[in-house]
Amino acid sequence: MGIKCPNCGVKTIELLVLAQQLPVSVNNYFGAVGNIVSSSRSKDNFEIKPVKYQCLDCKNKYEALPNEASSDDILKKPCTITFERLSSFIGGAVRQQVFLNGIKMGTIKNGSKLTFETNTRTNTIFVTDHHGVAFKGHYTFTAEEGGEKYIKFKKKFIK
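Just so it is clear, the structure is predicted and the values come from calculations on it, not from any experiment.

*Asks:* Would you mind showing me how to read the overall build of the chain here?
*Replies:* A tally of regular secondary structure across the chain gives one helix and 12 strands. Ordered by position in the sequence, the α and β elements of the chain form the string β-α-β-β-β-β-β-β-β-β-β-β-β. In the chain, which comprises 159 residues, the share counted as buried stands at 44%. Taking all contacts inside the chain whose residues are at least 6 apart in sequence as the whole, residues at least 24 apart take part in 69%. As displayed, the chain has an accessible area near 8,600 Å², and 48% of this comes from carbon and sulfur atoms.

Structure, rendered in structure tokens:
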């Protein structure tokens, strides 16, 4: 899995913005490959939108939908992810959107948590504001079968 530049193949990318297109249902897009994300306890429905990226090596700008996971990247038991948006006075009234591997997992309020699962070993999370403009940086991690991952965010990922 993973996100890489179609021009040079390097995985050092920067998210620019979500493309301004209508979302597509995960079930309609992935069909049998819907095991990329097994389930969610978030209040929002999953959405897939093309995302605009820029390669940090060759500076190529491109749009892409999420990649399908290879069979060796699929976990037998899902990993639970808890994403916490830490409280902040600045920008506190603005809801943020959380994306896992290019799939919108939900919208999160200031000081809230969002819990969802993944069935893929290699994962990338990024966050956008309510206009779809991405915050700098993304968080890449390896999920473990049946494991749990806790991620904190406050305008940047806190490790």
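And the narrative resumes.
*Asks:* What am I meant to see in empty space enclosed by the protein here?
*Replies:* Gaps between atoms show up when a probe of the same size as a water molecule is rolled over them. Under the defined criterion, the tally for this structure stands at one cavity of 30 Å³ or more. Lining the largest cavity are R85, L86, S88, I90, G91, Q96, F153, K154 and K155. Considered class by class, the residues forming the lining of the largest cavity number three nonpolar, three polar and three charged.

*Asks:* Honestly, the sheet that holds strand β11 (residues 148-153) in this entry has me stumped. Any pointers?
*Replies:* Think of a sheet as strands paired side by side through backbone hydrogen bonds, with each pair either parallel or antiparallel. Taken in spatial order, the four strands of this open sheet run β8-β5-β11-β12, and their pairing is mixed. Of all strands in the sheet, those with a lone pairing partner are β8 (113-120) and β12 (157-158), marking the two edges. Sheet analysis places strand β5 (residues 74-85) next to β11, joined by six bridges and oriented parallel. The partner of R85 across the bridge, within β11, is F153.

*Asks:* Please clarify how the environment of Q97 should be interpreted in this entry.
*Replies:* Residue placement: Q97 occurs in strand β6 (residues 96-100). Judged by its relative accessible area of 9%, Q97 falls in the buried class. Sequence separation between Q97 and V133 is 36 residues, and the spatial gap between their C-alpha atoms is 9.7 Å. At a separation of 3.0 Å, a polar atom in the side chain of Q97 contacts the main-chain carbonyl oxygen of D129.

What counts as what
Residues numbered from 1 in each chain as written. Predicted model: local features only at pLDDT ≥ 70, side-chain atom pairs only at ≥ 80, totals over all residues. Heavy atoms only, no water. Helix = DSSP H or I, 4+ residues; strand = E, 2+ residues; numbered from the N terminus. Buried < 20%, exposed > 50% of the residue type's maximum accessible area, 1.4 Å probe, protein only. Contact = heavy atoms within 4.5 Å. Areas by Shrake-Rupley, 256 points an atom, 1.4 Å probe, with all protein chains shown as cover. 1 Å grid on protein atoms, 1.4 Å probe; cavity = no way out; pocket = protein on both sides within 12 Å on 5 of 7 lines; lining within 4 Å. Points joined across faces, edges and corners; volume = space filled by probe spheres on them. Nonpolar A, V, L, I, M, F, W, Y, C, P; charged D, E, K, R; others polar. Pairing = 2+ DSSP bridges. Polar contact = N/O pair within 3.5 Å; in protein donor to acceptor, adjacent residues only side chain to side chain.

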